[in-house]
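Chain and residue survey
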Amino acid sequence: MGLGKKILLGALGAVLCTTARAAQVQDPKQIVQQAVDAELAANRADTSHWRYLKHEAGGNSEIVVETEHGAISRHVEQGGRPASAATLRADDEHIQKFIRDPGMQAKQRRDGAHDEKDATELLNLMPQAFIWKVESETPETVTLSFKPNSNFHPPDMEARVMGEMAGTLIVDKVQHRIHTFKGSLTEDVTVGFGFLARLKQGGTFDLEHRQIAPGLWQITQTHVHIEGRALFFKTIGQQQDEVKTDFTLVPPGTTLEQAVGLLNGPGGVAHR
């Protein structure tokens, strides 16, 4: 066989091997769809409730205890200092009112269900709302970038805002769960020539999602800084910095009355 023919066959073999390897690479959109499916399936199956410490901007923190009947909370710090006796007294009064008022409990559950519905709808739109690209991989995770998809037709304002974001998504390779979702608004979003809504370019969001027990994941950090106005100058901008730590499982069947006692556990505030 001549040298030229050997070189030609060698080059052809290299091309075929490269093509085969490329065929094995998962489509970015498929990775995102798999992550969305995993998140939605986990949300449907997860019935766990948690006690955790919630830290907010300005040095404010509180203990939160979730139950199947609702969640209660009590301050730990305000402005970086121990919560005052007046604040704790107001917390206790609110907790007792919540325990005795089925209407307040029902409203909290409705609000939670509404938020869950919105989150589910936006998750379902993620694969088609953006142009996705794999940027890097480790043995544990894959990092994708995203930018607006000009062919995406958002069904509502929330989807329209999301569709104007660009950023990164980090996905766990084994469980296909979302680790990190962060981005920024690529341009101003206006509705009704700005009379109904206007959100400013450069607004950012950063969500951190971590496994806190085997197979159980929670959002541990939420940072949202989006400025804007809607519905004839009603402010809808989000300015939120929230970090959750010290997660412990709440036993199934815990009542709201029992949850009060859990507020006084390690890191909690002693009941007077």
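See the structure printed just above.
In this text, all values refer to a predicted model and were calculated from it rather than measured experimentally. (Residues numbered from 1 in each chain as written. Predicted model: local features only at pLDDT ≥ 70, side-chain atom pairs only at ≥ 80, totals over all residues. Heavy atoms only, no water.)

Now for the packing of helix α2 (residues 28-45) against helix α4 (residues 102-129). The geometry of α2 relative to α4 is characterised by a closest axis approach of 8 Å and an angle of 160° between their N-to-C directions. One finds that α2 runs roughly antiparallel with respect to α4. Judged by the twist between their axes, the crossing of α2 over α4 is left-handed. Here K29, V32, Q33, V36, E39, L40 and N43 of α2 come into contact with α4, specifically with E116, T120, L123, N124, M126, P127 and Q128. (Axes fitted to C-alpha atoms, helices over the stretch in contact; angles between N-to-C directions. Helix = DSSP H or I, 4+ residues; strand = E, 2+ residues; numbered from the N terminus. Parallel < 35°, antiparallel > 145°, perpendicular 65-115°, else oblique. Left-handed = near helix turned anticlockwise from the far one by under 90°. Contact = heavy atoms within 4.5 Å.)

Glancing now at the nonpolar core. M126, W132, L144, M165 and L169 are the most contacted members of the largest nonpolar core, which has 29 residues in total. Of all the elements in the fold, those that place two or more residues in this core are α2, α4, β5 (130-137), β6 (141-148), α5 (157-163), β7 (165-172), β8 (178-185) and β12 (216-226). Among the elements that line this core, the one with the most residues is α2, at 5 residues. Not counting residues within four places of it along the chain, the set of residues in contact with W132 comprises P28, K29, V32, M126, P127, L144, S145, F146 and L169. Grouped together as the second largest cluster of nonpolar side chains are 13 residues, I63, V65, I99 and A259 included. (Core = buried A, V, L, I, M, F, W, Y, C linked by side-chain atoms within 4.5 Å. Buried < 20%, exposed > 50% of the residue type's maximum accessible area, 1.4 Å probe, protein only.)

A few words now on the environment of Q33. Within the element layout of this structure, Q33 appears in helix α2. Here the alpha-carbon distance between Q33 and L123, two residues 90 residues apart in the chain, equals 9.2 Å.

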